[in-house]
Amino acid sequence: APAPVRFVLRNGTNVEGVTKKYEIELTQKVPGAEIVGHENANKRNRDKTILVDIKGDKTQQADELAQALGITVATLPKEEAPVSADFLIIVGTDKK
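Keep in mind it's a predicted model, so treat the numbers as computed, not measured.

Draft legend 1. Spotlight on helix H2 (residues 59–69). Residues of H2 that are buried: Ala62, Leu65, Ala66 and Leu69. One face of H2 carries all of its buried residues, which in axial projection span an arc of 100 degrees. Along H2, exposed side chains directed more than 90 degrees from the buried face belong to Gln60 and Gln67. Positioned one or two residues after H2, Gly70 has a phi angle of 70 degrees, which is positive.

What follows is the structure, encoded as structure tokens:
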């Protein structure tokens with residue numbers, strides 16, 4: 001089995017429940033995905049879903065995940081706090 005990959009999902013929209021819905025897509029597309037948190041983003045009007053490599057040492061994996069999920073890799077937005085996981089996904093309105 002693949003090593004677990006730990007994700008925190010943040011809702012970057014004003015729609016309730018998008019991270020729960022997105023978790024289903026994520027776990028289907030990424031074997032070994034472990035969701036360790038559901039939170040609201042500080043900025044709630046994000047139109048594009050982004051993937052953040054928290055420590056910055058998983059660039060290749062980040063690229064592969066983003067490709068599998070059809071989302072973009074980005075640096076941590078300045079208004080968002082880091083998380084204790086491998087990756088942070090901020091879900092935008094493109095996934096609601």
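Past the structure itself, the notes keep going.
Draft legend 2. Summary view of the pattern of salt bridges. Taken as a whole and assessed by the stated rule, the structure comprises seven salt bridges. Ionic pairing is found between Arg10 and Glu39, a salt bridge with its closest N-O pair at 2.6 Å. You can see Arg10 sitting in strand S1 (residues 5–11) and its partner Glu39 sitting in strand S2 (residues 33–40), a full 29 residues away along the chain. For Arg10, a relative accessible area of 5% translates into the label buried. For the salt bridge of Lys95 with Glu25, the shortest nitrogen-to-oxygen distance reads 3.4 Å. Taken together, the positions of Lys95 in the segment after strand S5 (87–91) and Glu25 in helix H1 (residues 18–29) put the pair 70 residues apart, joining distant regions of the chain. The burial state of Lys95 is the same as that of Glu25; both residues are buried. Overlapping salt bridges bring together Arg10, Glu39 and Glu80 as one network.

Draft legend 3. Spatial organisation of the side chain of Asp86. Of note, Asp86 is situated in the loop between strand S4 (72–73) and S5. What makes Asp86 buried here is its relative accessible area of 16%. Engagement of the side chain of Asp86 in a polar contact is seen with the side chain of Lys58, the distance being 3.5 Å. If we ignore the near neighbours within four places in the chain, the residues touching Asp86 are Pro4, Val5, Arg6, Val52, Asp53, Ile54 and Lys58.

Basis of the calculations
- Numbering of residues starts from 1 in every chain and runs along the sequence as written.
- The predicted nature of this model means local features are confined to residues of pLDDT at least 70 and side-chain atom pairs, given and counted, to a pLDDT of 80 or more, with totals for whole chains, interfaces and linings taken over all residues.
- Hydrogens and water are ignored here; the side-chain numbers use all heavy atoms of the structure.
- To sort residues, take the accessible area from a 1.4 Å probe on protein chains only and compare it with the maximum for the residue type: under 20% means buried, over 50% means exposed, and anything in between is partly exposed.
- Put simply, DSSP marks the helices as runs of H or I at least four residues long and the strands as runs of E at least two long, and each gets a number from the N terminus on.
- What the arc describes is the spread of directions from the helix axis to the C-beta atoms.
- Salt bridges are defined as contacts in which a side-chain nitrogen from Lys or Arg sits within 4 Å of a carboxyl oxygen from Asp or Glu.
- Polar contacts, as counted here, are pairs of nitrogen or oxygen atoms within 3.5 Å of one another; within protein the pair requires one atom able to donate a hydrogen and one able to accept it, and residues that are adjacent in sequence qualify only if both atoms are side-chain atoms.
- Whether two residues touch is decided by their heavy atoms; if any such pair falls within 4.5 Å, the residues are in contact.

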